[in-house]
Amino acid sequence: MNRKTLFALLAAPLALLANPADAALRVFACEPEWGALAEELGGNLVEVSVATTALQDPHQIQAKPSLIARARNADLVVCTGAELEIGWLPVLLQQSGNAKVQAGQPGNFAAADYVRKLDVPGQLDRSQGDVHAAGNPHIQTDPRNIAQVATALGTRLQQVDPAHAADYAKRQADFAQRWQQAMTRWNTQAAPLKGAPVVSQHKAFTYLYDWLGLKEVAVLEPKPGVEPTASHLQGVMSTLKGTPVRMVIYAAYQDSRASDWLNTNAGVPAVKLPFTVGGTEGAKDLFGLFDDTVARLLAAGGKK
Ligand SMILES: [Zn+2]
């Protein structure tokens, strides 16, 4: 090793030590939508690492050593909460040994804490499948929820990185304005979908339906997280004889077999939705996520 290389190796960490205010805030996001939101609100002030991709099932992630290492270095963990990550995040945080990001600390942000939850079970019975006791956790499918989470996350960024509070506040105001404009556009575009009866593969779109006024007539999974069975699918078929639907909807991370089966056997268009940023070609960022979601819904079921 020559002296130049040695100096370069020593200088990089020393530079960070010399001026900690200039080091980016390290954000560890559980899902792509929260990574994208942190990028929107943090810009160059944050360095975002996302634990999962849009093609992974966020209920079923392994707390791998590589993920634990990333959580160890995080200043802020941004996840969905509402028990979505209950199978992997608690162990991941515990193994990280990072006191800053444990539950209840300012460095731990759960998006679902800031929205109104739907599908909250009146009675808790685990025999009903992978029931989410805290309500349906898939809050990112409604842009109104994104707006509320953005406000809360913007405030949290100011709290954990007070040296840049003014910058975060400015970025948050800018995002809120652009998001409001986009929501007005999506609402207008999606108007023909209001009241449309649909089938879902997983109960993943409760908030999307609440936003656009879609009606969920049936779900292909007999219980949340349980693969569709032949007898359950036959039951769905007979429901559809009385109540025709415009489409069957599945998320990009899901195996489409059950939706394809319904498409083949009942002639119902099967629609893949990105579900999160990166789920489809068009869902490049949060704006693209909803542009593409609305476009795909309209293409399949926009006319009555
Ligand atoms: Zn779920």
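Use the structure listed above.
Here the structure is a predicted model, which is why all the values come from computation and not from measurement. (Residues numbered from 1 in each chain as written. Predicted model: local features only at pLDDT ≥ 70, side-chain atom pairs only at ≥ 80, totals over all residues. Heavy atoms only, no water.)

Trainee: Just checking my understanding: could you explain the state of the cysteines for this structure?
Mentor: Here a disulfide denotes one covalent bond, and it connects the sulfur atoms of two cysteines. All told, the structure shown has one disulfide when counted by the stated rule. There is a disulfide in this structure between cysteine 30 and cysteine 79, and the S-S distance comes to 2.0 Å. Its S-S torsion of about 60 degrees marks the bond between cysteine 30 and cysteine 79 as right-handed, since a negative value means left-handed. Linking cysteine 30 in the loop between strand E1 (25-29) and helix H2 (32-42) with cysteine 79 in strand E3 (residues 76-79), this pair joins segments that are 49 residues apart in sequence. Owing to a relative accessible area of 0%, cysteine 30 belongs among the buried residues under this scheme. Overall, the relative accessible area of 2% leaves cysteine 79 in the buried class. (Disulfide = S-S within 2.5 Å. Helix = DSSP H or I, 4+ residues; strand = E, 2+ residues; numbered from the N terminus. Buried < 20%, exposed > 50% of the residue type's maximum accessible area, 1.4 Å probe, protein only.)

Trainee: Please explain the sheet that holds E3 as it appears in this structure.
Mentor: Pairing between the strands of a sheet comes from backbone hydrogen bonds, and it takes one of two forms, parallel or antiparallel. Read from one edge to the other, the open sheet built from four strands follows the order E2-E1-E3-E4, with strand pairing classed as parallel. On the outer flanks of this sheet lie strand E2 (46-50) and strand E4 (108-110), each paired with one strand and no other. Strand-to-strand twist of the sheet, defined as the mean angle between neighbouring strand axes without regard to direction, takes the value 20 degrees. As judged from the three bridges shared by E1 and E3, these two strands associate in the parallel manner. If you follow alanine 29 over to E3, its bridge partner there is valine 78. Most of the contacts of H2 go to E2, to which it runs at about 175 degrees, and overall it touches E1, E2 and E3. (Pairing = 2+ DSSP bridges. Axes fitted to C-alpha atoms, helices over the stretch in contact; angles between N-to-C directions. Contact = heavy atoms within 4.5 Å.)

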